[in-house]
Structure formats: C-alpha cells, structure tokens
Amino acid sequence: MSSDEQSQHIANLISSYKQGFSLPGEFYSDELLYRAEMQRIWRKGWLFAGHSCEIPAPGDYFTLNVDGDSLIILRDDDKRINAFWNVCRHRGTELCDQGSGHLGRIVCPYHQWTYGRDGSLLSCRGMQEDLDKGDLGLLFAQVRTTAGLIFVSLAEEPLDFQQADELIETMARPQGLEQAKVAKAVEYEVAANWKLVWENNRECYHCNVNHPQYIKANFDHYNTDDTSPRVQAQIDAAVARSEEKCAAAGLAISHRESGMTVFPNAQRNGWFSANRTPLVEGFVSESMDGRQVAPLMGDYTDPGVGTLRMRTVPNLWNHSSCDHAVSTRLLPAGPKRTRVRVTWLVDAAAVEGRDYQLEDIMPFWQLTSEQDWALCERAQRGVSSSRYVPGPLSTYKEYNVAGFVQWYLNQMTSDYRSEQRETAD
Amino acid sequence: MSSDEQSQHIANLISSYKQGFSLPGEFYSDELLYRAEMQRIWRKGWLFAGHSCEIPAPGDYFTLNVDGDSLIILRDDDKRINAFWNVCRHRGTELCDQGSGHLGRIVCPYHQWTYGRDGSLLSCRGMQEDLDKGDLGLLFAQVRTTAGLIFVSLAEEPLDFQQADELIETMARPQGLEQAKVAKAVEYEVAANWKLVWENNRECYHCNVNHPQYIKANFDHYNTDDTSPRVQAQIDAAVARSEEKCAAAGLAISHRESGMTVFPNAQRNGWFSANRTPLVEGFVSESMDGRQVAPLMGDYTDPGVGTLRMRTVPNLWNHSSCDHAVSTRLLPAGPKRTRVRVTWLVDAAAVEGRDYQLEDIMPFWQLTSEQDWALCERAQRGVSSSRYVPGPLSTYKEYNVAGFVQWYLNQMTSDYRSEQRETAD
Amino acid sequence: MSSDEQSQHIANLISSYKQGFSLPGEFYSDELLYRAEMQRIWRKGWLFAGHSCEIPAPGDYFTLNVDGDSLIILRDDDKRINAFWNVCRHRGTELCDQGSGHLGRIVCPYHQWTYGRDGSLLSCRGMQEDLDKGDLGLLFAQVRTTAGLIFVSLAEEPLDFQQADELIETMARPQGLEQAKVAKAVEYEVAANWKLVWENNRECYHCNVNHPQYIKANFDHYNTDDTSPRVQAQIDAAVARSEEKCAAAGLAISHRESGMTVFPNAQRNGWFSANRTPLVEGFVSESMDGRQVAPLMGDYTDPGVGTLRMRTVPNLWNHSSCDHAVSTRLLPAGPKRTRVRVTWLVDAAAVEGRDYQLEDIMPFWQLTSEQDWALCERAQRGVSSSRYVPGPLSTYKEYNVAGFVQWYLNQMTSDYRSEQRETAD
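All of these numbers come straight from a predicted model, not from anything done at the bench.

Novice: Please provide a residue-by-residue account of the overall build of chain A, values included.
Specialist: Looking only at helices and strands, chain A features ten helices and 16 strands. Its C-alpha radius of gyration of 23 Å places chain A within 12% of the 22 Å reference for a compact globule of 425 residues. Projected onto its principal axes, the C-alpha positions of chain A cover 80 × 55 × 35 Å. The buried share among the 425 residues of chain A stands at 48%. The long-range share in chain A, meaning contacts at least 24 apart out of those at least 6 apart in sequence, stands at 66%.

Here it is as structure tokens:
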C-alpha cells in the first residue's frame, strides 16, 4: 500500500464511525491504524512516565519503553529530572538495560563512551582527535514534572503543558506525592487494545456485578437513571463530611454529583483532569474495609478527605486516598496488547510491616484492576469477530465512553488534516 | 498491494498449477491465498461443527472458533439447535468463554445485557428507554443438522444443503449418532496447511509403511496396480459376509472395489460423500485386534456391518464401526497450521469401564491420526523449500489427491470469476 | 508495495548511508531489506556449511537450514561430498529430519520414493509405468570443499571459488582439519541482525573491557593509536619466536602488525581471507592459561605456530591453534535474529578424557562468544530506537567495520544495478 492509500484507509475507517455507538472492530485490530495512533497520539502527547519520588537522589534513574523506544529518566546533579534517549551516540547501543537503578556516569558497555548525568559526552577513548564531542551528547526528550508526576513527550515540539501543570499542581499538592515512596508495583500484559482499556475505565456501568469491592467505597456506579433521592442524600452527606474536615486545610470536594466526572471533555479537547470526590460513609480510604491502612500522606491532617482522582489521556489514572495513592500507567504494545503498571505509593517515612501492610493497601485496586483486565480481554476477543457490529452507548452511563471516542477521533483527524495540508503544500 | 493486484496475484498462482502434479509451494504458505481461501471456501461452505449428542438438553451449548470468529451452538427450549455469533450486541464482548457448557439465559458478563436461548434481547438495564430491543438480538449463523452431525455456515446465503442431508441421513441413520455420546476428544495443532492434511487423507499410497494398524483392518491401500486376484477375492468375501448379515437391517456395502471411493468428485462438485465399506476378515471394528470394543450402536443388530465412512470438504471425515464412531474435524489456523479435533463416540447408554475402555476404542485412530500429522508436518517443511517443484501424482494411487486439488481450484476460481463479474458490473 | 516501489525503497535506504558512520537503523530491522539481503548476499555467495570431517564415510550426512531452505550434505560412495535439496521430487516432503546421521539410500518416509547416495531416483513403486525416473533425481546445490571446510551456494551460477580455494588450501593445509573431529558444538540464537554480529567481530575496540580472556592471548586490541614501542617489541618478539619454530615446516606468520588484518577489503571485493598471527608470550594456544590443551593437529611438530585465522563473509570465522580449532558459523533467522553454531575441533585420534578435556578447550571461545552475543543483542535494542542516529566510526579501531559496511553495500548495489539492467533490457 502506498502512503496515500494508507492515509485514505485510515480516513475511511475514521469516517465509518457512527456517533453514539461503539467503535467499529477495525479500530481494535488494524495495524495501520495502530501505527497512525502512535504518530498522532502516543508520540505527540504527554505520557505519564513515573513518580519523581522513584528517583529521589542525583544519579537515580528509571527507564521507560514506548513503542520500541527507550528513555532514561534521570535525576541530575542539580536535582533536575532529565529524559534521554537510551541510545549511545557511537553505534547506537542501549545504554541502560535495567528498569531502574543509580549511576555515576553513563558508560556505554560496548566501547566505554562515557556521558555525564547531564547527557554530555565526557570521553570516547580510541576515537580520532578531531571529533566534536559537543555534537555527541545524549539526545534529550521533553520532560515535565508536576506534583510529583513525571510526564515525557516523544515529540520534538510537545503540546502545551502549562494548563495541566496548574490544575494538577493545585489539586495534587496536598497529597504529597513528591514525599512518597513506592510500596509496590505490579506489571500486567493485557491482551486488549489500549482504547478498550480506556473505554472500560471511563464507565462504571460494569461496576455493579464486576467490582464488588469498588462499589462499596464509591458512588460512581450511580447515574441519573438510578440515583434515587436516598443515594443523592448519601452523596450530599459524604460531601458535607469531607468539606467540614478539610475546610481548614483548604481542600474541597469538587465532584458533588452522582456519576463520573465528564472526561475526556471532547469540547475542550483537554487531555487532563483532576477532582476530589467523596467516599461512601464508613470509608476513609480505598481499602477493603474502608479504614485507614497507612500513615496520612502529604498535608493531610484528617483522613476524611475523600479521594483525589487524576487522569491524563492517553495513559494515566490515579486514585489517591488520605493514606495511599495508586497510579495506573498504560503503554501500548501492539493493536491487541497493552502493558499496564499499577503502582501503590505511601508516605516516604512509612515503614512496611510497622506502618502499613501490603495486604492492606493492595487488594482494593489489585482486584478491581484484574477484574477490568479480564473484561478488556474478553471485549477484545468479541470485537475481533467479523460479525461484531457497533452497538449503542448508554446516554446515562457511557457518556464518558462517547467522550473518550470523540477525543480520540479529534486527535486522529486533526493530525490527519494537518498532514494533508503539508502534503498539499 | 492494491486489491486488484491481490486478485491478480491469486489468479496467477492458480493458473500456475499443472494438472496431474502436486500444487506449487506458494499454495501452502502464501498469506493472501490463505485469506482468499477463507473467503471462497471456509466462509462459504458448510463446516462440520460437532455432534448433536454433545448438546442433548435445552441450554446445552458448545462454541466453535473459525478464522477469528466464534459461534455459540446452542439447543433452545424447543430442542432446536441454533448458532449465534458469540458477540454481545452492546459493545461486542465475547459472551461465552468456555468451550462448552449449559446456560439458562445468555448474560453478557460486562454490562449484563441478557439474551434468551432463542437469541432475543430480554433486558439491558441502564440503557435509554427508546432503545429498540427487537433490533438487538443475537445474530444468527446458518446451521443444519443431519443424522446427528451439526454443520454451520458463516455465509449469509449458504450453499445448498439438501442433497447432502439426503445422502448422509440415509447412510448414517442406522449408526444412531444422535443417541451417542462423546467418549473422548483429543485436540491437535498440526504445523501444516489444511490442504496438506486433506491430501494426506485422500490417498492410501502412504499407508503400507506408515499405518501398520490401519492396513490390517482395511483394503484402501490396494489399488488397480496391486489388487491381485487373491486380494479381490478377499474383498468380495468381505462384501458378501457383510451383505448377508445386514440384509435384514436394510444395510448394504456400497463400496465394493479396491482403492478409495472417488472423493471429492470434481465433476459433480460435491462437497460430501458417504459409503459403507467392508473390513478385512477377522475385523468387525476399527480396533487394534478387530474385535468389538463397545456395545452395538444405533440400529445395528450384528457387528458385521463394515464401516460407514463419511467426509465433507473442507473439514470432516468420519469412520464409524458397529460399536464406535470417530469424527475428525479440521479448522485452519494460518497458512501453515491446522487445528484438528478427533472425537470418539459410543452409544449413549454405554458406561466407561463397564461397557468399554478408552484404551480399547482409541488407539486405532489415535495412532493412525498421529502418524498422519507427522507426515503432514514433514510435507509442510518440504514444500516450503524454494526448490520444491511439484511432482507427478500416481494415477493409480493418488486420483483423489488430484480430485481434491481440482475441487479446490474450482472453488477458488468460480468465486474469483463471480467476484470479477461483480467488479465489472 | 509494488516490486518497483520495493526496489526504490531499498535503493533509498542504501543511498541514505553516510560514509565513516554506522549504518542507519532500518538496516537492522527492515523486512524488505532483509529479503533483498537474502537474494543479493546469502543466496548468491558461498556459505560455510560444516567440516568434511563431520561426514568421514560414504552415507554420512548433515543438514543445513538457510532462510527456509534445507540442504542435505552427503558423502557419496566415491567419497565425494554432494549437497542435495532436502525435498522429495514426488510431493515435496522433507527427506531428512535429523541434523546429521548416516544413510544407505535416501528413502522418503511418505511414499518410499528411494534415491541413491548420488541423488538418482532408484524406485517409486505405485507410480505409472511411463514415468521418466531420470528426470526425478534429487536437485543438486553447489558445493565446494577446501582444506576440510565445506561451502555451499544456493545460487545456480555461484561466484568464483578458485581464488578462495587456493588461499585457504595453502594456509589451512597444515592445520589438518580433514583429519580432525568435532569435540563439541554449541548452538546460539542471538537476538541481533547478522550485520551487527559481523560488526562486532570486525573490531577489537570493545575487547579491553569485554574480553578479559581474549586480550591475554592476542594483540588485536592494540591499534595505531595505542601500540607503544613496548607493545610493538612484544609483537616482533612473538613473530620471531614463531618463525624460528615453524621455518622447517614451511609455516610463516603472515600478520605482523598490531591491529586486525584488513577484512573485508572492499577494494578487492574479496569475501575470504586467511592469515597466521602470533600469540602473546606464554600462549601457545587460545586456552585460558595459554598452555597446549590437546594433541598437536595436522602437520604441526611444535606448538609455537601462533593462530591460523580464516574468515569468509557472510558466515564464517575460524581461529585455529596448534592443538584445536574453533569455527563460528552464522545463519540469518530474520531481521533481528541470527543463529550461530560454534564448533570445537581436535585431532581425529585424540580421545576425550585422555588427550583433552572439554573444560580446557572450550572456555576461551565460549566466554568470548557469549560476551559478544550479549553486546550484539544490546546493540540491536539500541539501533531499533527511532532516535538512534548513525555515529562516527573510529578510524583507528573500526576500519574493518567500515570495510564490512562497504563490502555489504557493494553486494547490495551491484546486484541491484544488474537487476535494474535486466529489467531495462
């Protein structure tokens, strides 16, 4: 297929979408569309990479592997966080082959070209004398940190980050993620397209039967069609409880209705959102029994702060309770495969065994996550059928699935249009 | 490659075939040709799915996975057998993820859309009120049952089934497959193209050395070049023995010559055949020592009925003795891979351990099958060589290989021609 | 992509190369380029297959699998070595499914077509009488043997072999590889493009840190930038030692400078080279401590003969000490995968346990090889990055990497040009 035919193929797919319905099957399996998604979404937007508290000291690093590329996220001697392409400037060897660690200088194991923590080439014995070392430093990727969350972009000219920074910084500052530590991280390979994982995440229509733990703590599964006056009264009470407790700390519940926050909001084309949401009476933490399971984090002085929730497309959602935080990071691994990392964080000073137990902080989100992965894989098998036809979305319960699809199509077409324009020039 | 180039590529391959010879190597490895085979043969014809006795009661089902699609074969409350696409009409989730089972209603595990055993959408809580549930029942695939054999078609307008029904019903009725039960099923993944598996099945030229068990019971490996008067006398005697015993029951040996029945018969373009064949003196069953190894099946009153043999292209052969029946079902799994299920059936009333032993009924066809899979995989490796050149087929012993190839090419070209015509319109 | 577009794609890749730098990333991953390499290099040139001493007697054979093809390398009744395509002339079945063995006649296991050791079809019972058996012998591939090394070519009109034969025969005759035996062979699957394996082999810039064993025995890691007068004096002394000892035997050290022999020599377009190189004082063999670890091989009467080194692109290097020889054979297995076989040989009369121990003869090259495979795999991961950019090659230490790249590009373009010419005719 020529590159024109490829663009046309993708344009045809996109225009086959019928509003109010689920996406046609090709969206979850087509190789060319997947490549276009990498270009138009994953290599263009901001990707959540990890937490700044994972690399507290100069020389600490972790690597991030996306779509065949690898980045080294490294804290330098000035405590700034940099992102370098994990590639030697000599013959291209991978510099770091561990997921994380600490390093003094970055020494390529092949021929010992040696780089500083700032990426500059310090030495390359054996090369001709006239080599310009200044041209041979490591290549930088774009990186931003906000409230302890590290985002990278593979694009040379990344999207605006400032608006996201302002919102997240404001909302997440009290959570103290910069003074946290990773209690545990679990990696999953989910046999489903990354959009199926998001569509699952963007509705709680499936919660009643599938997430017995989650719905004990949260109100998300109630929507305008089934929020009885009794339920609304419970929500109002929960909001009131939290507001009272948090007033002094300047915290405020920002999500006061039943149902999920509208996100992504295709109208505003925003790729980020954050809000504070009340928990069901009796729950001060997203733990199995609702009790506090670790020391309070950040600026919190009382456990009754509801949950802070953040999400950024295409690859992060985070639920933070008063005592622990859980970040879920997605990475695409082919049209039918998504790698997911779920990370549990607690206050940096908390000691496992004394201040918290993994068996207390993990099950709530581990169960909920694994229940979701099973549903996503099942959805993938179904939409791969030649006779799958897109079905109607619930206006009550799947407005965010519709919103996600619209955001997705916006990304895919705006980019397509600008490509077309360039070609036409 | 454009779709025109693809059609041309396939047409070129097909016209490269030289009659009387084996197929060129690309026929066993080419991806585009494989896709065309799916369209022109596997998604057009009747596929053997399983036995009606596997789902005796309303709500019993099994699933069939073909070329990325999944069907639910389900007996409904009126004891009719239906085939549904295994896909929820909401967001496409796979409904049944087990190979078989029993169900009251079909409830999608994702959002609990609920279907009746007749496929109708009964409930979908949480959806908008104006939804037309009548439009959202499960999609039906074509299904036919004859003499206890279930066939499905993925085509919306399937081939005629009536002629096959009449022949199979007449020939197989006495075998009582509807009152049978599965004693054992074994699944194989054979690393060979599905046509190599058929070409192996369609000749007994390879039997002398490779099938020591099979040739003790059968006459197939004798052909016009080596059927001595002594062998013909043995066949005649075997025919006579059976006829005498079966006369009362209205059974008749229908294959009286040495060599294999002509099938597929490219002239008649038939995709099915059935006949009754005598066994060697001393064998009343295709068992290791020829003795009866399970209670008589169906209408049989005497073991001396030879074997009933049925085969339908592209995916079934069945050898049924007086006391047990063996069905072999093929499913393509890529240009170089075929999934095979071999199923042993006995009378429904027979009790394992008391009336039959698996070690008595299984080895004859298990050994013969596994000997064949090894040959098929070896053939696949050979025809994948760049220097494989099609060789001559034996006119004595491989007439059915030639017939299979001709049937295959007929399917591939008739469809191609009608495609061309449609394009020309 | 049409075949014109494919040729253009490859031509574009090739012209993107910038002299003095490493190859662009697509050279290590592109599927079309890989296919072109198979045609223009691997299916055109001479491939090292194995050692004549592996098949000493008539009927001894081994098989060689290259790019989906399989050859039988067989010694016939006249003790000649033949190479046959491992494919039956009937329906294409693979004849030999073992890596090596002994056979009287070649009998196809499928239908027992039977071939002589000379490839002629001797019998095919069951076929029509008018078949011309003379047309149905096994197909021959080109094969040459020089000084005990067997080379095959998949081309119908192979490259000239005579010049290689003369050089290798002269240089390797005293090593006695024809009167050797295989002490051990180890197979590796290296997750790296075959060119990365060669580029690794063609420089010792990486030796200092990565090959502590190798550099104790050899001078290769010294180059014009770091060969001090002291090192040159050591080399001169080593040359003198060997010359004195070998004079009587007519052996001579042919590589007298520091650094590696120039190979491939793109100017001369030679695909082969051989030389004798001194070892460091204290080493008479490439063993861990430098001591002799097996009986002298071939015509050697004194251990102080340095090492005989031979290499042929695209797939052999051999280091032979006085007492043992090590051959490394590469076979491509996809754009990102290379199969490697390392074979240790000793004198045919040597007895394991009495005359040599595997633990003495193997570690030197086993460690060095495995250190290299790890580097190659790491290089593959790096050059697969979208931001890998070719870096400068050291003029001191990587002249042979540059030479290899130039040889490679010559093969790829000369062939391309002749293709173009044919198309133009």
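Novice: Let's hear about the nonpolar core: which residues, and what values?
Specialist: One broad trend across soluble globular proteins is that nonpolar side chains are buried collectively. Core analysis: the largest hydrophobic core is formed by 339 residues, its most contacted members being A:Ile73, A:Val152, B:Ile73, B:Val152, C:Ile73 and C:Val152. The contacts of A:Ile73, once residues within four sequence positions are left out, are A:Ala49, A:Gly50, A:Ile55, A:Tyr61, A:Phe62, A:Leu64, A:Ile81, A:Ala83, A:Val143 and A:Ile150.

Novice: Which residues make up the confidence of the model for chain A, and what values do they have?
Specialist: All names here are of chain A. Considering every residue of chain A, the mean pLDDT works out to 94; 96% of them sit at 70 or more. This stretch, residues 419–425, has a pLDDT under 50; its non-local contacts, to residues over four places away or in other chains, come to one contact. Scored as a complex, the prediction yields pTM 0.95 and ipTM 0.94.

Novice: Outline the relation of the copies chain A and chain C, listing residues and values.
Specialist: Superposition record for chain A on chain C: RMSD 0.0 Å, screw rotation 120°, translation along axis 0.0 Å. When the rotation and shift are considered jointly, the pair of chain copies conforms to a three-fold rotation axis. Of every C-alpha in chain A, the one belonging to A:Met1 sits nearest the axis of rotation, 3.0 Å from it.

Novice: An account of the sheet that holds strand β9 (residues 140–146) of chain C is requested, with residue identities and associated values reported.
Specialist: Residues and elements named next belong to chain C. Taken together, the seven strands give an open sheet; going across it, the order is β1-β10-β9-β4-β3-β2-β5, and neighbouring strands pair in antiparallel fashion. With partners counted over all chains shown, the strands left at the sheet margins are β1 (47–51) and β5 (100–102), one partner each. Between one strand axis and the next, the sheet turns by 30° as a mean value, whatever way the strands run. Looking at chain direction, β9 and strand β10 (residues 149–153) are connected through five bridges and run antiparallel. Of the residues in β10, the one forming a bridge with Thr146 is Leu149.

Novice: Residues and numbers for the interface of chain A and chain C, please.
Specialist: With 22 residues of chain A at the contact, the number on the chain C side is 22 residues. Taken together, the residues of the side of chain A that touches chain C sort by class into eight nonpolar, nine polar and five charged.

Novice: Please provide a residue-by-residue account of the sheet that holds strand β14 (residues 316–320) of chain A, values included.
Specialist: All names here are of chain A. The six strands lie next to each other as β11-β16-β15-β14-β13-β12, forming an open sheet whose pairing is antiparallel. Each of the sheet's edge strands pairs with one partner strand only, and the pair in question is β11 (180–190) and β12 (272–277). Each strand of the sheet is rotated relative to its neighbour by a mean of 15°, with strand direction disregarded. One ladder, built from six bridges, connects β12 with strand β13 (residues 307–312); its direction is antiparallel. Across the sheet, residue Ala274 finds its bridge partner in β13, namely Met310. Packed onto the sheet, helix α4 (residues 194–201) meets β11, β14, β15 (325–332) and β16 (338–347) and runs at close to 150° relative to β15. Sheet strands touched by helix α9 (residues 363–383): β11, β15 and β16. Its angle to β11, the strand with the most contacts, is close to 20°.

Novice: Give me the lowdown on the interface of chain A and chain B, citing residues and values where you can.
Specialist: Opposite the 22 residues of chain A that make contact, chain B presents 22 residues. Among the elements that line the side of chain A that touches chain B, the one with the most residues is α9(A), at six residues. Among the residues forming the side of chain A that touches chain B, the class breakdown is eight nonpolar, nine polar and five charged.

Novice: Before we move on, can you summarise the environment of A:Phe21 with the specific residues and values?
Specialist: Residue and element names in this part refer to chain A. Within the fold, Phe21 resides in the loop between α1 (3–15) and α2 (31–42). Along the sequence, Phe21 and Leu177 sit 156 residues apart, while their C-alpha atoms lie 38 Å from each other. In this view, Phe21 contacts Pro390, Gly391, Pro392 and Leu393; residues no more than four positions away in its chain are not counted.

Novice: So what about helix α7 (residues 229–246) of chain A? Which residues, and what values?
Specialist: Residue and element names in this part refer to chain A. With 18 residues, α7 extends 25 Å between its outermost C-alpha atoms, agreeing within 8% with the 26 Å of an ideal straight helix rising 1.5 Å per residue. Those residues of α7 that sit buried are Ile235, Ala238, Val239, Ser242 and Cys246. Along the long axis of α7, the arc covered by the buried residues comes to 100°, so they all point the same way. Among the exposed residues of α7, those oriented more than 90 degrees off its buried face are Pro229, Arg230, Ala233, Asp236 and Glu244.

Calculation notes
Every chain's residues receive numbers from 1 upward, in the order its sequence appears when written. For this description, chains carry letters from A and ligands carry numbers from 1, given in the order in which they are written. Residue-level local features of this predicted model are given only where pLDDT is at least 70; pairs of side-chain atoms are given and counted only at 80 or more, and the full residue set underlies all totals for whole chains, interfaces and linings. Strands here are runs of E lasting at least two residues and helices are runs of H or I lasting at least four, both read from the DSSP assignment and numbered beginning at the N terminus. Atoms counted for the radius of gyration: C-alpha only. Globule rule: 2.2 Å times the number of residues to the power 0.38. Any residue whose C-beta has 12 or fewer other C-beta atoms within 10 Å is treated as exposed, any with 20 or more as buried, and any in between as partly exposed, C-beta atoms being built from the backbone. The contact rule is simple: place each C-beta atom from the backbone, and if two of them lie within 7 Å, those residues are in contact. Only buried Ala, Val, Leu, Ile, Met, Phe, Trp, Tyr and Cys residues enter a nonpolar core, and they are joined through C-beta atoms within 7 Å. Each residue carries a pLDDT value, the predictor's own confidence for that position, ranging from 0 to 100. Copies overlap after least-squares fitting; the atoms used are the C-alpha atoms of residues with pLDDT of at least 70 in both. Being paired, for any two strands, means DSSP has found at least two bridges between them. Lines fitted to C-alpha atoms define the axes here, with helix axes fitted over just the stretch in contact, and angles between the N-to-C directions of these axes take values from 0 to 180 degrees. All residues other than Ala, Val, Leu, Ile, Met, Phe, Trp, Tyr, Cys, Pro, Asp, Glu, Lys and Arg, Gly among them, are scored as polar; the first ten of these are nonpolar and the last four charged. For a helix, the expected span equals 1.5 Å multiplied by the residue count minus one. To be clear, the arc concerns the directions from the helix axis to the C-beta atoms.

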